[in-house]
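An overview of the molecular structure
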Amino acid sequence: MAMLSLISAQHCNSARCIRTLLRPFTESFSTKPIEPEPQSNPIIPPYSTSFNHSNVRQTLSCYANDWKRALEFFNWVQIQSGFNHTTDTYNGMIDILGKIFEFDLIWDLIKSIKENPVAYPNHVIFRIVFKRYATAHLVEEATNAYY
């Protein structure tokens, strides 16, 4: 529920993206009827309560410059809808955290991948981590990431 108050049009490229994403949740709280969205929106079908990898990845990209909201959405979608993050959604979240050098959170996410049945750490994750350590001028940490 906290996520509903945090998502705003200024943090996403499209207000329609947000309305469509949150339609199933806002309808249960609203007293005024919501006009139906056209079926042409590729993000989420209207009235859908399930999320897929593409929806989650696109929403994370909306929060690419706001790591706290991105992480909150990442956790929210997993807890509230039972979404199992894929390697790609982990890569996206790790890249967002890496932009602001939140390395402890990155390693927490990498460790949590072990508990996920559909995700696995791959070379892309370690390339992202290596690149972010190098950007932060943490060369020793960058080389230790592979051990």
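Residues numbered from 1 in each chain as written. Predicted model: local features only at pLDDT ≥ 70, side-chain atom pairs only at ≥ 80, totals over all residues. Heavy atoms only, no water.

What follows is about the pattern of salt bridges. Oppositely charged side chains are able to pair whenever their charged atoms sit close together. Counted according to the given criterion, the structure contains 3 salt bridges. Among the salt bridges present, the one from Arg-57 reaches Asp-88, with a minimum N-O distance of 3.3 Å. Of this pair, Arg-57 sits in helix 3 (residues 53-62) while Asp-88 sits in helix 5 (residues 87-99), and the two are 31 residues apart along the sequence. The shortest N-O distance in the salt bridge between Arg-69 and Asp-66 comes to 3.7 Å. (Salt bridge = Lys/Arg side-chain N within 4 Å of Asp/Glu carboxyl O. Helix = DSSP H or I, 4+ residues; strand = E, 2+ residues; numbered from the N terminus.)

One way to put it is that helix 4 (residues 67-81) packs onto helix 5 with a least axis distance of 9 Å and a crossing angle of 155°. Relative to helix 5, the element helix 4 is oriented roughly antiparallel. Two packed elements cross with a definite hand, and for helix 4 against helix 5 that hand is left-handed. Of the residues in helix 5, those in contact with Trp-67, Ala-70, Leu-71 and Phe-74 of helix 4 are Thr-89, Tyr-90, Met-93, Ile-96 and Leu-97. (Axes fitted to C-alpha atoms, helices over the stretch in contact; angles between N-to-C directions. Parallel < 35°, antiparallel > 145°, perpendicular 65-115°, else oblique. Left-handed = near helix turned anticlockwise from the far one by under 90°. Contact = heavy atoms within 4.5 Å.)

With that out of the way, let us pick up unusual backbone geometry. One non-glycine residue, Phe-101, adopts positive backbone phi at about 60°. Counting through the fold element by element, Phe-101 comes out in the loop between helix 5 and helix 6 (103-112).

All right, on to the confidence of the model for the protein then. A residue-level look at the protein finds 67% of positions with pLDDT of 70 or above and a mean pLDDT of 76. Confidence drops under pLDDT 50 across residues 1-12; counting only partners more than four residues distant or on other chains, this segment forms 30 contacts. Of the regions scoring below 50 in pLDDT, residues 36-48 engages in 22 contacts with residues more than four places distant in sequence or in other chains. (pLDDT = per-residue confidence, 0-100.)

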